[in-house]
Amino acid sequence: QVQLVDSGGGLVQPGGSMRLSCVVSGSMFSFNPMGWYRQAPGKERELVAAITNGGSTDYSDSVKGRFTISRDNAKKTVYLQMNSLKSEDTAVYYCYGVKFDVDYWGQGTQVTVSS
């Protein structure tokens, strides 16, 4: 059974950094693309960053220059490095992957940016 398990969230002060991880069960190469969405209270889920098997990346304008997505195929893990965090980055972050045109989601990890 395919599973995406995301982790790494928590509480961080504004300006701080945090790294999220998403571990894939099964073959990671079947997932293309993979990435991260987030959903803040009262808002719709939005795409944060995505990465293809070839390593091409895409970011929302709100995180460009602050967040970096990467993947380690050997560890079957996708990372989201978040720097210069702002209060508006507070949300539940979900890992996702597309496999044979089917979307798979992680369970979500809460990121709270607050002093």
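Attention in this report is confined to the structure presented alongside it. Predicted model, so just to flag it, every value in this text is computed and none were measured.

1. Considerations on the pattern of salt bridges
Per the stated rule, a full pass over the model turns up four salt bridges. Between Arg-66 and Asp-89 there is a salt bridge, with the nearest N and O atoms lying 2.8 Å from each other. One end of the pair, Arg-66, is in the loop between strand 6 (57–59) and strand 7 (67–72); the other, Asp-89, is in the loop between strand 8 (77–82) and strand 9 (91–99), with 23 residues separating them in the sequence. As far as burial versus exposure is concerned, Arg-66 and Asp-89 are alike and both buried. By sharing partners, the salt bridges in this structure join Arg-38, Glu-46, Arg-66 and Asp-89 into a single network.

2. A closer look at the side chain of Thr-109
Turning to its location among the elements, Thr-109 is positioned in strand 11 (residues 109–113). The class for Thr-109 is buried, based on a relative accessible area of 11%. Not counting residues up to four positions away in its chain, the partners in contact with Thr-109 are Asp-6, Ser-7, Gly-8, Gly-9, Leu-20, Ala-91, Val-92 and Tyr-93.

3. Overview of the nonpolar core
Core analysis: the largest hydrophobic core is formed by 27 residues, its most contacted members being Met-34, Trp-36, Leu-80, Met-82 and Tyr-93. Elements supplying a minimum of two residues to this core: strand 3 (18–24), strand 4 (31–39), strand 5 (46–51), strand 7, strand 8, strand 9 and strand 11. It is strand 3 that contributes the most residues to this core, four residues altogether. Setting aside anything within four residues of it in sequence, one finds Leu-80 in contact with Met-18, Arg-19, Leu-20, Trp-36, Val-48, Ala-49, Phe-67, Thr-68, Ile-69 and Tyr-93.

4. Quick notes on unusual backbone geometry
Across the junction of Asn-32 and Pro-33, the peptide omega takes the value 0°, indicating a cis bond. Residue position: Pro-33 is located in strand 4. Of note in the backbone geometry, Phe-100 takes a positive phi value of approximately 50° without being a glycine. Looking at the element boundaries, Phe-100 is found in the loop between strand 9 and strand 10 (102–105). Judged by relative accessible area, which is 67%, Phe-100 ranks as exposed.

The rules we used
Residues numbered from 1 in each chain as written. Predicted model: local features only at pLDDT ≥ 70, side-chain atom pairs only at ≥ 80, totals over all residues. Heavy atoms only, no water. Salt bridge = Lys/Arg side-chain N within 4 Å of Asp/Glu carboxyl O. Helix = DSSP H or I, 4+ residues; strand = E, 2+ residues; numbered from the N terminus. Buried < 20%, exposed > 50% of the residue type's maximum accessible area, 1.4 Å probe, protein only. Contact = heavy atoms within 4.5 Å. Core = buried A, V, L, I, M, F, W, Y, C linked by side-chain atoms within 4.5 Å.

No statement about biological role is implied by the geometric values presented.
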